[in-house]
Amino acid sequence: MTDGGTPTGVLIVDDDELVRVGLRAIIDGQPDLRVVGEAADGSAVPPLVARLRPQVVLMDVRMPEIDGIQATRRLLAASADPPRVLVITTFANDEYVYDALRAGASGFLLKRARPAEVVEAVRVVARGESLLFPAAIRRLVGAYGGRGADRLRAARLTEREAEVLRLMAAGLSNPEIADRLVVGVETVKTHVGNVLAKLGVRDRTQAVIAAYESGFVTPAG
């Protein structure tokens, strides 16, 4: 639910009608989620988002005209407060997935995911969190990474911020990071916010990708 108690609005974008129907049935079956619209191509996303105001966009990466990568870039550029983008894909090691994450998507979800996983993923990104799968991110960076500039050196992270970024890259949540560092969750939130601001990224996903691409964290661990 949103802060006002209304269901979280979801826009489904996929060129496969069967996929859209299945996702709608899963999402609309939850009292705190509601599908507000559908689209068969990324070209329809900006006007639909402007009209329907969803909190989350479920975005296919491979579509015939405007793919999920371009659609994500256009969406984030067109709005000061865009919805969260959750990429849906057939293959986890798809280069399109990596490019969509670099473009600003908050995470990805496999089309073969169980209904409960779909619901939880939507709820996670709706809360403003990132859906990170450390092993999958490592594989993607190992296959397609190494093309980004070193933002870490320019960011001038403190020692504690760097430590927090490493734990973020390992997939730890804020409470888990707090337990590991023996500090309060609010302190961790402050460090995470500082890391995102210094790197100039929107969320944890882009921070982790920047960490890998700069060599600060390596796919080998």
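That block above? That's the structure.
So, here's what we can say about the structure.

Rules behind the numbers
Residues numbered from 1 in each chain as written. Predicted model: local features only at pLDDT ≥ 70, side-chain atom pairs only at ≥ 80, totals over all residues. Heavy atoms only, no water. Pairing = 2+ DSSP bridges. Helix = DSSP H or I, 4+ residues; strand = E, 2+ residues; numbered from the N terminus. Right-handed = clockwise from strand over helix to strand, strands pointing away. Expected span 1.5 Å × (residues − 1). Contact = heavy atoms within 4.5 Å. Axes fitted to C-alpha atoms, helices over the stretch in contact; angles between N-to-C directions. Parallel < 35°, antiparallel > 145°, perpendicular 65-115°, else oblique. Nonpolar A, V, L, I, M, F, W, Y, C, P; charged D, E, K, R; others polar. Polar contact = N/O pair within 3.5 Å; in protein donor to acceptor, adjacent residues only side chain to side chain. Salt bridge = Lys/Arg side-chain N within 4 Å of Asp/Glu carboxyl O. Buried < 20%, exposed > 50% of the residue type's maximum accessible area, 1.4 Å probe, protein only.

1. Some points on the pairing of strand β2 (residues 33–39)
Consecutive side chains of a regular strand alternate in pointing toward one face of the sheet and then the other.
Line of reasoning, step 1. Looking at chain direction, strand β1 (residues 8–13) and β2 are connected through six bridges and run parallel. Looking across to β2, one finds that Val10 is bridged to Val35.
Line of reasoning, step 2. In this region the chain leaves β1, passes through helix α1 (residues 17–28) and returns to the parallel neighbour β2; the handedness of that crossover is right-handed.

2. A look at helix α5 (residues 115–126)
Line of reasoning, step 1. Under the 1.5 Å per step criterion, the end-to-end length of α5 is 17 Å for 12 residues, consistent within 8% with the ideal 16 Å.
Line of reasoning, step 2. Against β1, α1, β2, β3 (56–60), β4 (84–89) and β5 (107–110) lie the buried residues of α5.
Line of reasoning, step 3. Where α5 terminates, the next one or two residues include Gly128, which has phi positive at roughly 90°.

3. Description of the packing of helix α9 (residues 174–181) against helix α10 (residues 185–199)
Line of reasoning, step 1. α10 packs onto α9 with a crossing angle of 110° between their chain directions and a minimal axis gap of 8 Å. In this view, α9 runs roughly perpendicular relative to α10, as classed from their interaxial angle. Judged by residue contacts, Asn174, Pro175, Ile177 and Ala178 of α9 engage Val185, Val188, Lys189 and Val192 from α10.
Line of reasoning, step 2. Classifying every residue of the contact of α9 with α10 by side-chain character gives six nonpolar, one polar and one charged.

4. Quick notes on the sheet that holds β2
Line of reasoning, step 1. Pairing is parallel in the open sheet, where five strands are placed in the order β2-β1-β3-β4-β5. The open sheet has two edge strands with one neighbour each: β2 and β5. Across the sheet, the mean angle from the axis of one strand to that of its neighbour is 25°, orientation sign disregarded.
Line of reasoning, step 2. Sheet contacts for α1: β1, β2, β3 and β4; angle to β2, the most-contacted strand, approximately 160°.

5. A look at the environment of Ala105
Line of reasoning, step 1. When you line up the elements, Ala105 lands in the loop between α4 (95–103) and β5.
Line of reasoning, step 2. Sequence spacing of Ala105 and Leu86 is 19 residues, and the spatial spacing of their C-alpha atoms is 5.9 Å.
Line of reasoning, step 3. Once you skip the residues sitting within four places of it in the chain, Ala105 turns out to touch Thr72, Val85, Val87, Ala100, Asp203, Thr205 and Gln206.

6. Observations concerning α1
Line of reasoning, step 1. Compared with the 16 Å implied by 1.5 Å per residue over 12 residues, the 16 Å span of α1 between its first and last C-alpha is a close match.
Line of reasoning, step 2. Next to the buried residues of α1 lie β1, β2, β3, β4 and α5.
Line of reasoning, step 3. Where α1 begins, the capping side chain belongs to Asp16, and its oxygen is found 2.9 Å from the backbone nitrogen of Leu18.

7. Considerations on the pattern of salt bridges
Line of reasoning, step 1. On inspection of all chains with the given rule, the structure shows 13 salt bridges.
Line of reasoning, step 2. A salt bridge links Asp14 to Lys111, with the nearest nitrogen and oxygen atoms 3.1 Å apart. Highlighted residues: Asp14 in the loop between β1 and α1 and Lys111 in the loop between β5 and α5, separated in sequence by 97 residues.
Line of reasoning, step 3. Judged by relative accessible area, which is 34%, Lys111 ranks as partly exposed.

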